[in-house]
Amino acid sequence: MQPDRPVILAYADRDSVKPGESIGFAVNCVKLDSFECDFVRLLGCDAGPEMPPFEPTVMTKGTRYPGREQPIRAGSYIEVDGSQRLADLGQITLCANIFPTLLNGQPRCLMSTLTAYGRGGVALRLDVEGCLTAILGDTNGGRVYRLDQPLSLHRWSFVALSYDPERRHLLIAVHRLASGTHDHAGASWLAVDDVKPPASGDGHVLVAAERGGDGLPCHHFNGKIERPRILAAALSIDQLKDLASCKPTEPVSWPCLADWDLVNEPTSDMIRDLSGLGHDGLCANQPARAVQGSNWDSSTLDWRHAPEQYAAIYFHHDDLETPGWEEDLRLTVPVEWPSGCYAARLRGEGAEFYVPFYVRQAGKAASDVAFLAPTATYAAYVNMVSQQQRVEYALGCVGVTYTPLDLLAVGLPGPGRSLYDPHEDGSGRWIGSLRRPVLNRQPGGWLWNFQIDLCLLGWLSRAAPDHNVLTDEELDREGLAALEGCRVLVTGSHPEYWSQPMLQALDGFLARGGRLMYLGGNGFWHTIDFHPRRQGLVELRRRISLMGRVDAGDAHSSFTGRLCGGWRDLGRPEHSLVGVGFRTEVFDRGSYYRRLPAGDDPRARFIFEGITDSIIGDFGIFGGAAGLEVDTVDQALGTPRHALVVAASEGHTSSGMRTMGGIEFFTALWNDAPREPIRADMTFFETPAGGAVFSVGSIAWGSCIPHDGYVNNVARISENVLRRFRDPSPFQMPS
């Protein structure tokens, strides 16, 4: 879909930068010859009249740059650079095991040496009906030969193209591989004589795609491919049957021009060629690795224990890591800029786009207060579409305000979807990337995640002007060292996704007396893993999900090998860390908290200093400080017995959603005989090393802080807690 108005899209090459370091930006201008860029600091969001006016602090004067259109090319594949050995084809066989999952009215290429316009080389593809097809390149764009029987979707098959130029004999074959007790193998083939040899190619090979007229990849395959090979022999039908019966990791007795091993290190883009001829390939756009192969037998769910059973790669035509655009501008961050959230603001002819990034102070300049920007959660929700629509339908209401960019995200799939939006073949998305245009990480639009976090940063700029900001990824890579000098760690509004190194760093922080302000809800919920070498790349595998099909063998991360799932299911319920844990979703309207007697306990009296109200947070854009997603205490899940519930919300509507055990998304509405009222618990407890934890148990809390110019009881409570937490006097555990 081409926009009917000027549009600017852009992304940065990193998410966080220190003063004196540089950050680059790549820009795509549609229907624009030029654009203006200035750099601003974001201290709030553009959420309408109930919020303070949105006035980003301008840090640099605007500079005009020439605009250009840089296309987004989604779709994962393997690319092998040109080789004379692969160009001068004699006897040849192309073969692989495949597991197709979607055609969607398009031909889907399995393996190709075709040149642009199909004027040379050969290819093996599925046509629009799913029939196996061979293409032999010539000056007319290629001759096509096909089997009449479509391949079954979601079934493993061995496919091959064999050609002997001396005999001018072409053979196309499909051998269905048995999978399961009641399945059976079967074969079909097409033999054609007097077939003119294909014109020579240029030795350039694509797996799971082919080159279009512009020379760029197209006709991306949807599904799994296992052990693709190019043999320097024209195999007969009996030889192909023998090859089909081999395990995918077994060597073959025929000479190979290329024999690609898809089992090797899943975090590497390199696909090794085991032929010895050096035809290594590179993966593009992060297809799913370490997935069930054709010989998976359920004996292990950990791909590291039986890599030969996970010898496939799962490709999708809508995979996207990064568009790979050329850089348009670069900023060296001035040393005097304080830590915080900044953005490149790009504008032209009514189009506007923000590319946020963080400036982090380091060393002696770092503050004793740090805000942890939940970039793992941002990566999971990038350009989310289907999830928010499901919420609206389930509630029978529209809970969001759409901006033109939000609507563009719905109609323009090119920038890639979120990890809540299944692939078009119904499988779940696993890899989230911030190295692409993020249409829902703008200061305006749906008030969710990033926008509420800007409210928290606006408050921190007043309550702790010297605060530092670091990202999830920095905490993951640096561990506890990232929190050196930090006494108070403030979370974002929805710190949902945590890696094991992040949690270990937080454990260490609390163990040494650190203080944690959890100013959100549904936090510390599910595992993620950061790519060990690439910035802004997150893997989120759900073992149980309503956000796309999940196979049994998808249990372990391809980035780290760790077991994936909810931290609660893995023995680390969030209650044991912050006192509260996710209870339900309340997207239609928030409500207020009521102070409880525990709030008058001398241990917690500082929380309500200067506040005489019994009702807390009965205002704000959501109608209250308790809403969106809320948390409650549960001693059976690890809430410390000495934790104080100082306030709890009440008065919620019946449209909330109940999360059942073991299911990560709502399955029933609360008006189906709820067993207890919806609520959010505001909680405080001390830790053994003299630290403490304060939790509000609600995503909506931060959205209320700016109300009435930051003069309200939600902001006052937050400031009271921050002031006491900055005080080095140790907290005392009750006896």
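Structural data are supplied above this passage.
Residues numbered from 1 in each chain as written. Predicted model: local features only at pLDDT ≥ 70, side-chain atom pairs only at ≥ 80, totals over all residues. Heavy atoms only, no water.

**Looking at the sheet that holds strand β1 (residues 7-12)**
Working step 1: What the three strands build is an open sheet, ordered β1-β3-β25; its pairing is antiparallel. Each of the sheet's edge strands pairs with one partner strand only, and the pair in question is β1 and β25 (329-332). Here the strands of the sheet are splayed against their neighbours by 25° on average, with no regard to which way each runs.
Working step 2: As paired elements, β1 and strand β3 (residues 22-30) share six bridges and run antiparallel to each other. Looking at β3, one finds that L9 is bridged to N28. (Pairing = 2+ DSSP bridges. Helix = DSSP H or I, 4+ residues; strand = E, 2+ residues; numbered from the N terminus. Axes fitted to C-alpha atoms, helices over the stretch in contact; angles between N-to-C directions.)

**Notes on the sheet that holds strand β29 (residues 431-433)**
Working step 1: Reading across from one edge, β29-β36-β35 is the order of the three strands in this open sheet, with antiparallel pairing throughout. Only two strands of the sheet have a single neighbouring strand rather than two, namely β29 and β35 (529-530).
Working step 2: Judged from the three bridges that link them, β29 and strand β36 (residues 537-539) form a sheet pairing that is antiparallel. When the bridges of β36 are listed, I431 appears paired with E539.

**Quick notes on the pattern of salt bridges**
Working step 1: One pass over the full model with this rule turns up 41 salt bridges.
Working step 2: The salt bridge partner of D15 is R435, with a shortest N-O separation of 2.8 Å. One end of the pair, D15, is in the loop between β1 and β2 (16-17); the other, R435, is in the loop between β29 and α6 (450-463), with 420 residues separating them in the sequence. The two residues D15 and R435 agree in class, both being buried.
Working step 3: Taking the shortest distance from any N to any O, the salt bridge between R534 and D269 comes out at 2.6 Å. (Salt bridge = Lys/Arg side-chain N within 4 Å of Asp/Glu carboxyl O. Buried < 20%, exposed > 50% of the residue type's maximum accessible area, 1.4 Å probe, protein only.)

**Comments concerning the nonpolar core**
Working step 1: Y593, I607, W701, I717 and F725 are the most contacted members of the largest nonpolar core, which totals 109 residues.
Working step 2: The element that contributes the greatest number of residues to this core is α6, accounting for eight residues.
Working step 3: Discounting residues that sit within four places of it in the chain, F725 has contacts with R487, V488, R515, L516, M517, F606, F684, A692, V693, F694 and F731.
Working step 4: In this structure, L103, A134, V192 and A208 belong to the second largest nonpolar core, which totals 45 residues. (Core = buried A, V, L, I, M, F, W, Y, C linked by side-chain atoms within 4.5 Å. Contact = heavy atoms within 4.5 Å.)

**Looking at helix α2 (residues 237-245)**
Working step 1: Looking only at α2, the buried set comprises L240, L243 and A244. An end-on view of α2 places all buried positions within 100° of arc, on one side of the element. Facing away from the buried side of α2, by more than 90 degrees, are the exposed residues D238 and S245.
Working step 2: For α2, the secondary structure elements touched by its buried residues are β8 (92-102), β13 (157-164), β14 (169-176) and β19 (222-231). (Arc of directions from axis to C-beta.)

**A closer look at the packing of α6 against helix α12 (residues 713-726)**
Working step 1: Look at α6 against α12: their axes get within 11 Å of each other, and the N-to-C directions meet at 55°. By the angle class used here, α6 and α12 are oblique. Crossing geometry of α6 relative to α12 is assigned as right-handed. Where α6 approaches α12, its residues W459, L460 and A463 are matched on the opposing element by A715, S718, E719, L722 and R726.
Working step 2: When grouped by side-chain class, the residues that make up the contact of α6 with α12 number five nonpolar, one polar and two charged. (Parallel < 35°, antiparallel > 145°, perpendicular 65-115°, else oblique. Left-handed = near helix turned anticlockwise from the far one by under 90°. Nonpolar A, V, L, I, M, F, W, Y, C, P; charged D, E, K, R; others polar.)

**Concerning the environment of R487**
Working step 1: One can find R487 in the loop between α7 (472-478) and β31 (488-491).
Working step 2: Placed 428 residues apart in sequence, R487 and M59 show a C-alpha to C-alpha distance of 29 Å.
Working step 3: Residues within four places of R487 in sequence aside, it is in contact with D368, F509, G514, R515, F725, R726, D727 and P728.
Working step 4: Here the side chain of R487 touches R726 through a polar contact of 3.1 Å, landing on its backbone oxygen. (Polar contact = N/O pair within 3.5 Å; in protein donor to acceptor, adjacent residues only side chain to side chain.)

**Focus on the packing of aromatic side chains**
Working step 1: With the rule as written, the count across this model stands at 22 aromatic pairs.
Working step 2: Between F99 and W156, the ring centres sit 5.3 Å apart and the planes meet at 45°, which makes this aromatic pair tilted. With a gap of 57 residues between them, F99 in strand β8 and W156 in the loop between β12 (143-150) and β13 connect regions that are remote in the sequence.
Working step 3: W156 sits in the buried class, given a relative accessible area of 6%.
Working step 4: Residues Y342 and F357 carry aromatic rings whose centres are separated by 6.2 Å and whose planes lie at 25° to one another, so their mutual orientation is stacked. In this pair, Y342 is assigned in strand β26 (residues 340-348) and F357 in strand β27 (residues 351-359), connecting sequence segments 15 residues apart. Neither Y342 nor F357 differs from the other in exposure class; each is buried.
Working step 5: Clustering of aromatic rings is evident, with ring pairs tying together F25, F39, W337, Y342 and F357.
Working step 6: In this arrangement the basic side chain of K224 is found over the ring face of F99, its NZ or CZ atom lying 5.2 Å from the centre. (Phe/Tyr/Trp six-rings, centres within 6.5 Å; stacked < 30°, edge-to-face > 60°. Lys NZ or Arg CZ within 6 Å of the ring centre and 35° of its normal.)

Coordinates in, geometry out; function isn't part of it.
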